[in-house]
Amino acid sequence: MKTGTFRMRPCAMKGVEAVEADTAHSFGRHTHDQFGIGVILRGAQKSASGRGPVEAGPGDMITVNPGEVHDGHPIGAEGRAWRMLYVDPEVIAEAVLDIGEGRAEDFVFSQPVLHDGRAVRSLLPVYAAMTQMGETLAPESGFLQLLASLMTRRNVSRFVPPSVQQAMALLDDDPSAATSLADLAAASGLSRFQVVRAFSQVTGMTPHAYLVQRRIRSVRGMIAKGMPLAAAAFTSGFADQSHMTRAFVRAYGITPGAYALAHR
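Rules behind the numbers
- Residues numbered from 1 in each chain as written.
- Predicted model: local features only at pLDDT ≥ 70, side-chain atom pairs only at ≥ 80, totals over all residues.
- Heavy atoms only, no water.
- Helix = DSSP H or I, 4+ residues; strand = E, 2+ residues; numbered from the N terminus.
- Rg over C-alpha atoms; globule rule 2.2 N^0.38 Å.
- Buried < 20%, exposed > 50% of the residue type's maximum accessible area, 1.4 Å probe, protein only.
- Areas by Shrake-Rupley, 256 points an atom, 1.4 Å probe, with all protein chains shown as cover.
- Lys, Arg positive; Asp, Glu negative; His and termini not counted.
- Charge placed at Lys NZ, Arg CZ, Asp CG, Glu CD.
- 1 Å grid on protein atoms, 1.4 Å probe; cavity = no way out; pocket = protein on both sides within 12 Å on 5 of 7 lines; lining within 4 Å.
- Points joined across faces, edges and corners; volume = space filled by probe spheres on them.
- Nonpolar A, V, L, I, M, F, W, Y, C, P; charged D, E, K, R; others polar.
- Pairing = 2+ DSSP bridges.
- Core = buried A, V, L, I, M, F, W, Y, C linked by side-chain atoms within 4.5 Å.
- Expected span 1.5 Å × (residues − 1).
- Arc of directions from axis to C-beta.
- Contact = heavy atoms within 4.5 Å.
- Axes fitted to C-alpha atoms, helices over the stretch in contact; angles between N-to-C directions.
- Left-handed = near helix turned anticlockwise from the far one by under 90°.

**Notes on the overall build of the protein chain**
No. 1: Looking only at helices and strands, the protein chain has 10 helices and 10 strands in total.
No. 2: For 264 residues, the compact-globule formula gives about 18 Å, and the C-alpha radius of gyration of the protein chain, at 19 Å, lands near that figure.
No. 3: For the protein chain, the spread of C-alpha atoms along the principal axes amounts to about 50 × 40 × 35 Å.
No. 4: Burial statistics for the protein chain: of 264 residues in total, 45% are counted as buried.
No. 5: For the protein chain, the accessible area works out to roughly 13,200 Å², and carbon and sulfur atoms hold 54% of it.
No. 6: Of the charged side chains in the protein chain, 26 are positive and 24 negative, and the gap between their average positions amounts to 6 Å.

**Description of empty space enclosed by the protein**
No. 1: In this structure the tally under the stated criterion is 1 cavity of 30 Å³ or more.
No. 2: Taken together, 29 residues make up the lining of the largest cavity; nearest its centre are His30, His32, His70, Met84 and Tyr86.
No. 3: Counting only elements with at least two residues in the lining of the largest cavity, the list comes to strand E1 (5-9), strand E2 (16-23), strand E3 (27-30), strand E5 (45-49), strand E7 (61-64), strand E8 (70-74), strand E9 (80-87) and helix H9 (241-252).
No. 4: Of the residues belonging to the lining of the largest cavity, the class tally is 16 nonpolar, 8 polar and 5 charged.

**Structural notes on the sheet that holds E1**
No. 1: Overall, antiparallel pairing links the 6 strands, which are arranged E1-E2-E9-E4-E7-E10 in an open sheet. Strand pairing shows two members of the sheet lacking a second neighbour, E1 and strand E10 (113-114), which therefore form its edges.

**Notes on the pairing of strand E6 (residues 52-56)**
Residues in a regular strand project their side chains so that they alternate between the two faces of the sheet.
No. 1: Bridge analysis of E5 against E6 gives 5 bridges, and the strand direction is antiparallel. Among the inter-strand pairings, alanine 48 is bridged to a residue of E6, identified as proline 53.
No. 2: Linking E5 to E6, which pair antiparallel, is a turn of 2 residues.

**As for the nonpolar core**
No. 1: By size, the foremost hydrophobic cluster in this structure holds 29 residues, and its most contacted members are Ile216, Phe238 and Phe248.
No. 2: Of all the elements in the fold, those that place two or more residues in this core are E2, E6, E7, E9, helix H7 (207-224), helix H8 (229-236), H9 and helix H10 (256-262).
No. 3: Among the nonpolar cores identified, the runner-up in size contains 28 residues, and Met13, Leu85, Val87 and Val96 belong to it.

**So, helix H6 (residues 192-203)**
No. 1: Taking 1.5 Å as the rise per residue, H6 with 12 residues should run 16 Å; its terminal C-alpha atoms sit 16 Å apart, in good agreement.
No. 2: Of the positions making up H6, those classed as buried are Val195, Ala198, Phe199, Val202 and Thr203. The buried residues of H6 occupy one face: seen down the axis, they fall within an arc of 105°. Seen from the buried face of H6, the exposed residues on the opposite side, beyond 90 degrees, are Phe193 and Gln201.
No. 3: Looking at the buried positions of H6, the neighbouring elements they touch are helix H4 (162-173), helix H5 (181-188) and H7.

**Focus on the packing of H4 against H7**
No. 1: Packing of H4 against H7 leaves a shortest axis separation of 9 Å and a crossing angle of 35°. Seen along the crossing, H4 lies across H7 with a hand that is right-handed. Residues Met168, Leu171 and Asp172 of H4 lie in contact with H7, whose contacting residues are Pro207, Tyr210, Leu211 and Arg214.

**Things to note about the sheet that holds E3**
Within a sheet, neighbouring strands are paired by backbone hydrogen bonds and run either parallel or antiparallel to one another.
No. 1: Spatially, the 4 strands line up as an open sheet ordered E3-E8-E5-E6, and their pairing is antiparallel. On the outer flanks of this sheet lie E3 and E6, each paired with one strand and no other. The average undirected angle you get between the axes of adjacent strands in this sheet is 15°.
No. 2: The pairing of E5 with E8 spans 2 bridges and is antiparallel. In the strand pairing of E8, lysine 46 is matched with histidine 73.

**Re the pairing of E8**
No. 1: The element E8 is extensively covered by neighbouring structure, given that 4 of its 5 residues are classed as buried.
No. 2: Across 2 bridges, E3 lies against E8 in antiparallel orientation. Note that in E8 the partner of phenylalanine 27 across the bridge is glycine 72.

Everything listed is a geometric property; what it means functionally is a separate question.
Encoded structure:
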């Protein structure tokens, strides 16, 4: 794989996406709706995550939780290569229920990077099985075993002040709306400056950056369902398709068009 390439591969399990990358691209702060778990194959990267700063190199496992603000920058000019599985929360919840033999538990990846050769050796066969279409027994079995080995039996919660919850809800409910800072201040009962400061403290993003992420996540869902790119840009609230494309590439390193092709 050449440096600067991204490839999305179809997966045998519904609710799972596979991504292969070899790139020197720097990712700005962004979030995913899904859980992410992968392995660095070559090179190294550093990133900020909701669980602390991260440095990962060859053979390290990397993880991300839904809604967790993170970025990613290569260490060195040669970039890095990785393979990632992005898993819908519903798939994780069902698997955790199976593993717990009917006991419902909250699940998060507790560590953003694992320097554990055994964990990596268990992930790569699962990735290979996931990307072999037509067979579900091997990927499902391997995935359940992998998740069981990583499960943390503790609830992880982060206090979000009610004022910030109100502001976030306003953006979450309709990301396409032209919401102003004054609107967020009115919803939260804070001043405009207090909104910006509190939002950044809780989410790691300004209100505008958070809104852009919500719009990108909406776009992903629309494109995956077959909506044309221009229509997805308009429906999600972007000024135009080029604006949407720039934001999409900054966050995910892949164009909306390439993402659409991967879901055909």
